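# Topology and contacts: notes
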Amino acid sequence: MSTDLQKTLPPYRIKVVESIPLLSREERQRALAEAGYNPFNLRADQITIDLLSDSGTGATSAAQEAGAALGDESYAGARSWFRFHDEVRDLTGYPHILPVHQGRAGERILLSSLLEPGQICLSNTHFDTTHANVALVGAEPRDLPCPEAADLDSAYPFKGNLDLDAVQRTLAGPDGGRVGLVLMTITNNGLGAQPVSMANLEAASALCRRHGVPFFLDGARFAENAWLVGQREPGYGDWTPRQIAARAFQLADGCVVSLKKDGLSAIGGFIGLRDEELHAVCEANLIATEGFSTYGGLAGHDLERLAQGLREVVEPRYLQARAAATARMARSINKAGVDTVQPPGIHALYLNAGRLLSHLPPHQFPGHALGCQLYLDGAIRCAELGSLYLGGMDDQHRLVAPAPFELVRLAIPRRVYTDTHLGYVAEVLAGIAKHPERVRGYRIVSAPRLLRHFKVRLEPVPDPGPASER
Ligand code: F0G
């Protein structure tokens, strides 16, 4: 066997499996219609391949489950807490670690303790819950992605970067005094799973230090970012993913991390802090709203799974196999004539639905239409990242400001699907790409005012409509 093939071989075998349903076309059609053509409303047992999220959907290892059996459920000072704490502290170097049940709980606690109403939070891109938690404080979330991110097709290796010039201009301009935080999302989930380079992190960190602004990481996919840095950034080829991740944490004043991704567990998260005063404020908030500071809403068995998961996630062989599987899937999809945001990241592929379904105008939601077609043709579930999710609408649910791109995210759960499953997804997409014009658009029937995409109900548009409307 060639060493290359060996390198990309998943470094585990499967021990426990779960059956997945196969539905007839009629069943899929009925299920989607009953769900109001919104895949979020489907039952998970109506789905064959679920690519809605990579969050909390991964498989745990035998070592994690063995640890879980030893979970110490003491209310305070549990053995499992110390195992988790030491693992996180070794990895991040932060003197203060607070456990939380998931990322957004950490965001709420950190951002409400750190930001004041009227302040600005700058980011390469805020994840949607982060955006919401900044706004809930009365502060303004402002995304400043690097200009290279706007070209979906280029091979630029670090499209997740922050636009440092724009940050510099903001800090030096009239709004400079209002910037309360710079938050870097690694990898950039809102923008094609693209990584952030160490050079960009270093420059952002130095800039923040010069201006006295706190610099934090949203490290939900810290290990995957580290892997891509090792592969793509000159000077890091000899570093282990763990060393690169540790360096990234070192550059920041603190972090908030959802461990439902790179914690290789169904639940969990933490806040890491250097500042003692901020820690005291966050800790009081944590105890009042999440749980005592040695469990933060997590069970002892969760803390054990997380401590072990944090070791496994930085193993080079695991990261290499996962990155290779995503890249192979991207190649199959591209070969079938469907463009994805380039270069492929690790946790998800982002399909350019606007280009594939160019006969559908944004107000007929091409990304959503492609997602529905993947369900109708293959019982595959995924998430739209286009005008339905991000567009501006009036009171009648009419699209008034389309999103910049009409994308569909295929998120890949960790250690769950084999190449055969991912190949099946590529095959179903290839079938759609043969006759994209048969895919109908959608219109909104009803939608809540907030967090529209979760509960919106739609119906297919019978005809794409005259060209003059597009
Ligand atoms: N930050 C990023 C970059 C995320 O992707 C997520 C969640 C969070 C924070 C919030 O963490 O879910 O543990 O509360 N992303 C999931 C996704 C939901 O599907 O991308 P959480």
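Residues numbered from 1 in each chain as written. Predicted model: local features only at pLDDT ≥ 70, side-chain atom pairs only at ≥ 80, totals over all residues. Heavy atoms only, no water.

## Some thoughts on the pattern of salt bridges
Taken as a whole and assessed by the stated rule, the structure comprises 23 salt bridges. Taking the shortest distance from any N to any O, the salt bridge between Arg414 and Glu224 comes out at 3.2 Å. Pair noted here: Arg414 is in the loop between strand E14 (407-411) and helix H17 (419-434) and Glu224 is in helix H9 (residues 222-232), with a separation of 190 residues, a long-range link. Classification of Arg414 as buried rests on a relative accessible area of 1%. For Glu224, a relative accessible area of 1% translates into the label buried. Shared partners join several salt bridges into a network, and the residues in it are Asp54, Arg221, Glu224, Asp262, Arg322 and Arg414. (Salt bridge = Lys/Arg side-chain N within 4 Å of Asp/Glu carboxyl O. Helix = DSSP H or I, 4+ residues; strand = E, 2+ residues; numbered from the N terminus. Buried < 20%, exposed > 50% of the residue type's maximum accessible area, 1.4 Å probe, protein only.)

## Regarding the pairing of strand E9 (residues 348-352)
With respect to burial, E9 is a largely interior element, 5 of its 5 residues being buried. Side-chain alternation along E9 places Ala348, Tyr350 and Asn352 on one buried face and Leu349 and Leu351 on a second face that is also buried. Where E9 meets E14, 5 bridges bridge the pair, whose relative direction is antiparallel. Looking at the pairing, Ala348 lines up with Ala411 of E14. (Pairing = 2+ DSSP bridges.)

## Considering the packing of helix H3 (residues 62-69) against helix H12 (residues 300-312)
Here H3 crosses H12 at 150 degrees, and the two axes come no closer than 7 Å. The orientation of H3 with respect to H12, classified from their angle, is roughly antiparallel. As for how H3 packs across H12, the hand of that crossing is right-handed. Between H3 and H12, the residues in contact are Ala63, Gln64, Glu65, Gly67 and Ala68 and His301, Glu304, Arg305, Gln308, Gly309 and Glu312, respectively. Looking at side-chain class alone, the contact of H3 with H12 contains 2 nonpolar, 5 polar and 4 charged residues. (Axes fitted to C-alpha atoms, helices over the stretch in contact; angles between N-to-C directions. Parallel < 35°, antiparallel > 145°, perpendicular 65-115°, else oblique. Left-handed = near helix turned anticlockwise from the far one by under 90°. Contact = heavy atoms within 4.5 Å. Nonpolar A, V, L, I, M, F, W, Y, C, P; charged D, E, K, R; others polar.)

## Structural notes on the domain arrangement of the chain
Each assigned domain of the chain is listed here: domain 1 (3-54 + 315-460) and domain 2 (62-312). For domain 1 and domain 2, the distance between their C-alpha centres works out to 26 Å. Facing 28 residues of domain 1, the contacting portion of domain 2 comprises 29 residues. When the two sides are added together, the surface that domain 1 and domain 2 hide from each other amounts to roughly 2400 Å², 55% of it contributed by carbon and sulfur. Put simply, domain 1 and domain 2 have 6 salt bridges between them. (Domains from an automatic or database assignment. Buried area = accessible area lost by both parts, 1.4 Å probe.)

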